[in-house]
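Structural features, examined
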Amino acid sequence: MWGKQLFKEVVPNEKLVLIQTFSDPQGGLTRHPMSPTWPSQMLATTRFEDAEGGKTKLTVTWEPYEATAEELATFDAARPGMTGGFDGMMGSLEAT
C-alpha cells in the first residue's frame, strides 16, 4: 500500500496537521484497497505537549475530511478496531 500526506500546518514542538490519503506509487490518489467506501481523505492532527518527568504527551486526532455520508458511516463503524489498534501501537512504543 502507498500513502500520501499533504502537510497543512507545522508548528515546531507543538503541532502537525496533514491530509492523508491512499495513493499509487506515483502519488496519484486511490481508494482504500480493502474498503471502497473508506473516506478518500483523512485529516490528521498530532499535538505535542510537555508532560511531567521530561516526557511528551502525544495526542492524535484522525477524522474524515470532506467525506460523503457513506464514507462517514464506514469510518464510524471502524472506530472500535482503530481504537484498539492505536492503543496497542502506543502501548508498544511506551514499553520500549
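Provided above is the structure to which this section pertains.
This one's a predicted model, so the numbers in the text were calculated from it and none came from an experiment.

Next up on the list: the nonpolar core. Counting five residues, the largest nonpolar core consists of Phe 22, Trp 38, Met 42, Phe 75 and Met 82. Here Trp 38 is in contact with Phe 22, Arg 31, His 32, Trp 62, Glu 71, Thr 74, Phe 75, Ala 78 and Met 82, once residues within four sequence places are set aside.

Inspection of the entire model under this criterion finds three aromatic pairs. On the basis of an interplanar angle of 55° and a centroid distance of 5.5 Å, the ring pair of Trp 38 and Phe 75 is categorised as tilted. One end of the pair, Trp 38, is in the loop between strand S3 (29-30) and strand S4 (42-51); the other, Phe 75, is in helix H1 (residues 69-95), and 37 residues separate them in sequence. Through a chain of ring-to-ring contacts, the aromatic side chains of Trp 38, Trp 62 and Phe 75 assemble into a single cluster.

Think of it this way: side chains of opposite charge can pair up when their charged atoms draw near. In this structure the tally under the stated criterion is three salt bridges. Note that Lys 15 is salt-bridged to Glu 9, the shortest N-O span being 3.3 Å. Classification of Lys 15 as buried rests on a relative accessible area of 17%. For Arg 31, the salt bridge goes to Glu 71, with nearest N and O atoms at 2.9 Å. Here Glu 71 lies in helix H1 and Arg 31 lies in the loop between S3 and S4, a separation of 40 residues in the sequence.

Here the focus is a nonpolar patch on the surface. On the surface, Phe 48, Leu 58, Val 60, Met 89, Met 90 and Leu 93 cluster together into a nonpolar patch covering about 480 Å² of accessible area. Where the nonpolar patch is concerned, the elements lending two or more residues are strand S5 (55-64) and H1. Broken down by element, the nonpolar patch gets its largest block of residues, three residues, from H1. We classify Leu 93 as exposed; its relative accessible area is 53%.

Calculation notes
Residues numbered from 1 in each chain as written. Predicted model: local features only at pLDDT ≥ 70, side-chain atom pairs only at ≥ 80, totals over all residues. Heavy atoms only, no water. Core = buried A, V, L, I, M, F, W, Y, C linked by side-chain atoms within 4.5 Å. Buried < 20%, exposed > 50% of the residue type's maximum accessible area, 1.4 Å probe, protein only. Contact = heavy atoms within 4.5 Å. Phe/Tyr/Trp six-rings, centres within 6.5 Å; stacked < 30°, edge-to-face > 60°. Helix = DSSP H or I, 4+ residues; strand = E, 2+ residues; numbered from the N terminus. Salt bridge = Lys/Arg side-chain N within 4 Å of Asp/Glu carboxyl O. Patch = residues over 30% accessible without salt bridge, like charges linked within 9 Å, V, L, I, M, F, W, Y side chains within 5 Å. Areas by Shrake-Rupley, 256 points an atom, 1.4 Å probe, with all protein chains shown as cover.

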